[in-house]
Amino acid sequence: MSGHGKRVLVLGGGIAGLYAAKVLAGHGTAVDLVEKSGFLGGHGLQYGCKAGAACEKCGACTVEQILADVAAEPRITVHLRAELAGVEGNGRFSATIRQRPRLLHDDADLAACYKKTGGQRLVVRGWSPNNRPFYAVNPGKLSEEGGAEKVLGLVEQACPGAAAVDGEEAEKTLPADAIIVATGFAPFDACKKPTYGYGKIPNVVTGLEVERGLRAEGRVLRPSDGEPPKKAAFIQCVGSRDIALGNPWCSRVCCAYALRIAQAARYKDPELSVTVFYMDIQSTGKSFPAFYEQCKKDLRFVRNIPVDAFPEQGGRVRVAWSHPKTGARVEEAFDLLVLSIGITPNPDNAGLSRALFIPLDADGFFAAGDGELERAATIRPGVFVAGTAAGPKSIPASMAHAAAAAAEALEYLKEAS
Amino acid sequence: MTRETVGTASTKTISLSTDVLVLGGGYTAIKCAAALSKRGFGVFLAHPGEDLVHPAGPAGAPAGDWEPELAELVDHVRQDKNIIVFDRARLKKAAGMPGDFSVTLRKGDADVVRTVGAVVVAPEFDKKSLHEKYGLSLSDNVVTQSTLDAMLEADDPVLSGKGSVAFVAGFAQEGTTLLVERVLTQVRRLKKRRSVDVYVIIGNINLAAEGLDRLYAMAREEGALYFKLNEPPEISQDPVLSLVFRDPVLRRKMLLEPDLLVVEEQFAAPEQNRSVARLLLLKAGPSGFLQPDNVHFSSVRTTREGIFAAGPARGYLDLPQGFMDAENAAMAVEDILDEGKAEVPAQTAEVDRDKCAICLTCFRVCPHGAVSWDDKAKISPLACQACGLCASECPQEAIQVHGFSDRELEGRIAGAAKDGAEAPTIVAFLCKNSAWPAWEAARAMDHPLPGGFKPILVPCAGEVDVDYILDAFVQGADGVLAAACHAGNCRFHQGNRYAARRVDNAKRLLSEAGIDPQRLAFARVAANMGVEFSRIAMQMHERLEKRKKT
Ligand SMILES: Cc1cc2nc3c(=O)[nH]c(=O)nc-3n(C[C@H](O)[C@H](O)[C@H](O)COP(=O)(O)OP(=O)(O)OC[C@H]3O[C@@H](n4cnc5c(N)ncnc54)[C@H](O)[C@@H]3O)c2cc1C
Ligand code: SF4
Ligand code: SF4
Ligand code: SF4
Ligand code: SF4
């Protein structure tokens, strides 16, 4: 096999990193998979199924499946809570990673602690049973004042006898014959569009929150009362195609997820009415024409992006927009307002770009493939990029990109040996 | 070329051809040939055109800045000794299994037969003019996008006489990023030539592709006017060419009288796909593409092992995506044909040649084209995905899937149905790809599950025999659940359809036997939905409890 006796470092354990690792391992290559958070799976693992009468091809369940494959693959070594500290060498690399300790020894202790301290959110769970370990100390708590020491104190209080690890942050050096950067994206922070009242009006939520809710509950519910909405609205392009914000790009996934979520919710609750405010509707894949035709029948489309949202009685949200034909101001109240947030560059990109000597593009994503036919190579031999680290993509597109990155890396390994 | 692979305890020795057939004469096919040759495979590149040329065939996207790279690639492939090009050739016949396909190419008046280990299908799009959908007839001043391309290429003097050009696009079809990219590229080429007024009247602007948002921004800066409409403009060709529509920004009626009107074309799935699908026994997907619209068929996979679809063969993909596919297809070929990887797994289905009555049911049901026959049915271990559909359909019970033989399952069913003091006992056949992981998720997340819940792993819900269901009742189960994936999500393409049908059959049999068919249920759930799995199982539990009380 082409990759025998070689080691590849994959940064980021979202679908792109997982799939690249799986493909490489399948070709006999040893992989070090370095994930910053406590869990593999990235954003895609947090999404719910959007099937109605049939699968709507959102791709969320494939993340689950690829994660299971990676968990069962002996050639992949996973490093959780780890980040790249530095890279040396050229062509053949020596990478230093920094890893935060686990704080508690075994999953059973953490599980017990999770059950006892549920409300405090000291301990969090993964999204899937294929997240191993399944429990982790909440990273949010660790970054609060007092950090690890405070958390351990609280854990000791709640669950006496839990075997703590008094580890310091540790550094490891890993040899790498090639590197694949798959560190993903940051969801747009909806607070940056203050007129929509996100964070202030209870039933204004982001697409990411709806996705997570769908995963956890199997339904779309209002945060204020946990009830399904009767009348919902989606605002598209929130944080994307917005020159004033400096985000001119189309995020390429939010039309698809919004329409699929809307249809999935309507399947469970045919009474639900959905309004979609949009500029252009982006295609969702091979069956898109038929799917969109159905959407046009079932949903109300308004070709205008609203400017404001206001709280109303009963947890409702009043949305104001200008009528696409007359330009007159229109206002209407909804039970739930979903902001279809998009994909923005991971804030770590700048640091990674410096550490790896690979440039970013004008938007802040890794400049792989821009205007190039080889879409996964960077200007630096031996360093490749996969998935949304290089720009907005869906789950299937991230997988295709990751496979191409793995293919190019395998070719590179052959030539380099 | 052939390569011998050495068998170990769990593998067999089979010889594989390391030649590969690539169908198509466009850049994706050419790139794929180069990528395969680089990996040491021999390539037959067959295409219907006269010659491999640059610019190659009806390429998906305008070559633009990639011109030099593409020209070099075509040259390289022409000179590559590992690549044999068949011009004016079409696939006429195909038979065999991964590692050993026999393909017949019709080249001119002659047939050429070759043995190949794998096939990559990579033809280019067909472009269809949509002027008729606008009620237009083509003329001096109403042209297709292809005509405009040719005029631009030839630097046609007629173009110099056109002071204003209008495009209409996105009203006669659901637009694609390919359409938008082509319009924008043509607008830019027009603008670059000389000063000309350009108007683009368009439905949706499909920008969801790499670099397209930037191209749109550039094209707008260069001064063309864009009108995004929800309805098509009124176009008349007589007495003068004119377009009437409402400008949605200024909210007023507009009249345009351009010197030239360019009408959109459709990128359609390659015409070849249809015959290729038939000859290669592929289950094609929507709009004539060669991949089912199913998330488990990622990247270049088709329903058959050893046959891959790249670029326009499988969807609306642009040139760079086609190039990624070309690399991915070459890597996938390496995966099955390369020495170490050719180890034939033991976890497949096997035919008991003594029992087989050669009815060929298995050949018809196998979604992966893994069945062939000599005097008895034969299953290719390289092609078989061990889904078990054939095993449950075979009237002679002549097929067993490794790890899921009838005997093994009978044992598990007996164990599950009898075990369990807390009634009601639910024997649940859970598909490995969907319901089983969903059940595992439900457990991990502490979602409620019935006390008498007894899961049994099956490779695909379509493997569940009616006999298994009846057996579970005979052995004492209070309820039986068969749980599969959602329609259109089956990893084995259609196993869930068989499952649904069999449950219906079993219900009928139960009624006839005087057993309440409500005790049997069929459910669909995705692998990631523990919460829904819990709901399904608990609802069944409650139904059975209620039944018991009444
Ligand atoms: C609200 C929303 C809904 C969506 N719904 C869909 C959908 O239904 N279908 C679909 O196809 N697509 C959907 N998408 C797009 C989908 O999320 C992406 O295609 C996918 O997650 C991309 O995978 P990735 O691996 O590139 O990035 P990510 O999923 O972001 O994964 C990156 C991983 O890298 C880790 N990481 C980050 N920085 C570092 C670092 N410095 N070092 C090490 N590790 C690091 C992260 O913790 C993470 O685990 C949606 C996107 C959004 C915003
Ligand atoms: S809708 Fe999404 S999660 Fe559900 S089955 Fe289809 S691809 Fe999987
Ligand atoms: S995918 Fe749709 S919602 Fe998202 S940025 Fe593009 S046009 Fe806007
Ligand atoms: S279905 Fe059974 S009996 Fe019929 S050909 Fe196949 S193995 Fe033989
Ligand atoms: S088990 Fe499935 S893939 Fe294998 S031969 Fe039978 S039907 Fe075909």
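Each value, and the rule that gives it
Residues numbered from 1 in each chain as written. Chains lettered and ligands numbered in written order. Predicted model: local features only at pLDDT ≥ 70, side-chain atom pairs only at ≥ 80, totals over all residues. Heavy atoms only, no water. Helix = DSSP H or I, 4+ residues; strand = E, 2+ residues; numbered from the N terminus. Buried < 20%, exposed > 50% of the residue type's maximum accessible area, 1.4 Å probe, protein only. Contact = heavy atoms within 4.5 Å. Areas by Shrake-Rupley, 256 points an atom, 1.4 Å probe, with all protein chains shown as cover. Lys, Arg positive; Asp, Glu negative; His and termini not counted. Charge placed at Lys NZ, Arg CZ, Asp CG, Glu CD. Domains from an automatic or database assignment. Near = heavy atom within 4 Å. Nonpolar A, V, L, I, M, F, W, Y, C, P; charged D, E, K, R; others polar. Buried area = accessible area lost by both parts, 1.4 Å probe. Salt bridge = Lys/Arg side-chain N within 4 Å of Asp/Glu carboxyl O. Polar contact = N/O pair within 3.5 Å; in protein donor to acceptor, adjacent residues only side chain to side chain.

Q: Can you tell me about the overall build of chain B, naming the residues and giving the values?
A: Along its length, chain B carries 15 helices and 28 strands. When the backbone C-alpha atoms are referred to their principal axes, chain B occupies close to 90 × 60 × 40 Å. When each of the 550 residues of chain B is scored for burial, the buried share is 59%. Look at the contacts in chain B between residues 6 or more apart in sequence, and 70% of them connect residues 24 or more apart. Roughly 22,100 Å² of accessible area belongs to chain B as shown, and the carbon and sulfur atoms make up 49% of that amount. Computed over 64 positive and 73 negative side-chain charges, the separation of the two mean positions in chain B equals 3 Å.

Q: How would you explain the domain arrangement of chain B if you had to name every residue and give the values?
A: Where interface size is given, it is often the accessible area lost as the parts come together that is meant. If you check the domain split of chain B, you get domain 1 (4-124 + 269-342), domain 2 (127-267), domain 3 (347-401) and domain 4 (406-549). Placing a centre on the C-alpha atoms of domain 2 of chain B and another on those of domain 4 of chain B gives a separation of 56 Å.

Q: Describe the site of ligand 5, naming the residues involved and giving the relevant values.
A: In the neighbourhood of ligand 5, 14 residues make up the surrounding shell, with Cys366, His368, Cys384, Cys387 and Cys390 of chain B lying closest. Here the shell around ligand 5 is composed, by residue class, of 11 nonpolar, three polar and no charged.

Q: Can you tell me about the site of ligand 3, naming the residues and giving the values?
A: All names here are of chain A. Around ligand 3, the surrounding shell consists of Gln236, Cys237, Ser240, Arg241, Cys250, Ser251, Arg252, Val253, Cys254, Cys255, Asp280 and Gln282. Of all the secondary-structure elements, those providing two or more residues to the shell around ligand 3 are strand S12 (231-238) and helix H7 (254-268). Of the residues that constitute the shell around ligand 3, the class distribution is five nonpolar, four polar and three charged.

Q: Requested: an account of the side chain of Ser534 of chain B, with residues and values cited.
A: Relative to the helices and strands, Ser534 of chain B resides in helix H15 (residues 530-549). Among the residues examined, Ser534 of chain B registers a relative accessible area of 5% and is labelled buried.

Q: Give me the lowdown on the interface of chain B and chain A, citing residues and values where you can.
A: Listed by partner, the interface residues are 63 residues for chain B and 81 residues for chain A. Across the chain B/chain A interface, buried area totals approximately 6,000 Å², and carbon plus sulfur atoms make up 50% of it. For chain B, the biggest contributors to the area lost against chain A are Glu174, Glu210 and Asn528 of chain B; these three give 12% of the whole. Note that Glu210 of chain B and Lys393 of chain A form a salt bridge whose closest N and O atoms lie 3.9 Å from each other. Counting the contacts that link chain B with chain A gives 28 residue pairs in polar contact (both at pLDDT 80 or more). Elements with a minimum of two residues in the side of chain B that touches chain A: helix H1 (27-38), helix H2 (67-79), helix H6 (212-221), helix H8 (319-337), helix H12 (435-444) and H15 of chain B. With nine residues, H8 of chain B is the single largest residue contributor to the side of chain B that touches chain A. Broken down by class, the residue content of the side of chain B that touches chain A amounts to 25 nonpolar, 15 polar and 23 charged.

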